[in-house]
Amino acid sequence: MRKTLASFAAAGSLALAAVMALPGSAHAAPDCNYGDFCAWTDANFGGQRFNWSGNDHWWESNIADEDSSWENNGIPGSYSFVGVWASAGESGGMTLCLAPGDEISYDAWANDSGDSHFWYRYFDCTD
Ligand SMILES: [Ca+2]
Ligand SMILES: [Ca+2]
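Worth saying up front: this structure is predicted, and the values here are computed from it rather than measured. (Residues numbered from 1 in each chain as written. Chains lettered and ligands numbered in written order. Predicted model: local features only at pLDDT ≥ 70, side-chain atom pairs only at ≥ 80, totals over all residues. Heavy atoms only, no water.)

Peer 1: Residues and numbers for the coordination of the calcium ion (ligand 1), please.
Peer 2: Coordination of the calcium ion (ligand 1) by the protein involves Thr41 (O), Glu66 (O), Ser68 (OG) and Asp112 (OD), with metal-donor separations of 2.3 to 2.5 Å. Counting gaps between the donor residues of the calcium ion (ligand 1) yields the pattern T-x24-E-x1-S-x43-D. Of this pair, Glu66 sits in the loop between β2 (46-52) and β3 (69-72) while Asp112 sits in the loop between β6 (103-104) and β7 (116-120), placing them 46 residues apart in sequence. According to the relative accessible area criterion, Glu66 is partly exposed, its value standing at 36%. (Donors = N, O, S within 2.8 Å, 3.2 Å for Na, K, Ca; no water. Helix = DSSP H or I, 4+ residues; strand = E, 2+ residues; numbered from the N terminus. Buried < 20%, exposed > 50% of the residue type's maximum accessible area, 1.4 Å probe, protein only.)

Encoded structure:
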């Protein structure tokens, strides 16, 4: 009986370890320099990567309406939140608001929609 309980405990530990390993292997590790906001043309940080340390009011054609995954690797502190907008000049509605450290491998609403982005001071990208 004692042996059976020990086996159960061992099996439980293995299952927990397997579950905990999943998030790290669920998507490719994004490659985005510290201080930058990055966007990729494909989901799971695939395809072509674009990176910006500042604002861009009008994305170039290779990423405009092609963005499918995103990472905000901004430096926590002032102006470290990134709002992505559906049209040039921060208009047309915000598709995403990323906090520093956010990695989004795919988002159906924001997919292939972005045309500009801006760095904000506040977590809700209002200012
Ligand atoms: Ca795309
Ligand atoms: Ca758009």
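Following the structure, the description resumes.
Peer 1: Which residues make up the pattern of salt bridges, and what values do they have?
Peer 2: Within this structure, the stated rule accounts for 2 salt bridges. Salt-bridge contacts for Arg49 lead to Asp31; the nearest nitrogen and oxygen are separated by 3.4 Å. In this pair, Arg49 sits in strand β2 while Asp31 sits in the loop between α1 (2-25) and β1 (37-42), placing the two residues 18 residues apart along the sequence. Using a relative accessible area of 33% as the deciding quantity, one classes Arg49 as partly exposed. The shortest N-O distance in the salt bridge between Arg121 and Asp127 comes to 2.4 Å. For Asp127, a relative accessible area of 40% gives the class partly exposed. (Salt bridge = Lys/Arg side-chain N within 4 Å of Asp/Glu carboxyl O.)

Peer 1: Got a sec to walk through the confidence of the model for the protein chain? Specific residues and values, please.
Peer 2: Per-residue confidence for the protein chain averages 86 on the pLDDT scale, and 78% of its residues sit at or above 70. The low-confidence segment residues 1-25, where pLDDT is below 50, has 0 contacts with residues more than four positions distant or belonging to other chains. (pLDDT = per-residue confidence, 0-100. Contact = heavy atoms within 4.5 Å.)

Peer 1: Could you give me a rundown of the coordination of the calcium ion (ligand 2), with the residues and numbers involved?
Peer 2: The calcium ion (ligand 2) binds to the protein through Asp65 (OD), Ala86 (O), Ser113 (O) and Asp115 (OD); the donor distances cover 2.0 to 2.4 Å. Between the donor residues of the calcium ion (ligand 2), the gaps in sequence give the motif D-x20-A-x26-S-x1-D. For Ser113, a relative accessible area of 16% puts it in the buried group.

Peer 1: Which residues make up the environment of Glu90, and what are the values?
Peer 2: Checked against the element boundaries, Glu90 lands in the loop between β4 (81-87) and β5 (91-98). Owing to a relative accessible area of 19%, Glu90 belongs among the buried residues under this scheme. Spatially, the C-alpha atom of Glu90 lies 7.2 Å from that of Phe118, the residues being 28 residues apart in sequence. Ignoring sequence-local partners within four residues, the contact set of Glu90 consists of Asp56, His57, Trp85, Ser116, His117, Phe118 and Tyr120. Within the local environment of Glu90, its side chain forms a polar contact with the side chain of His57, the two groups lying 2.9 Å apart. (Polar contact = N/O pair within 3.5 Å; in protein donor to acceptor, adjacent residues only side chain to side chain.)

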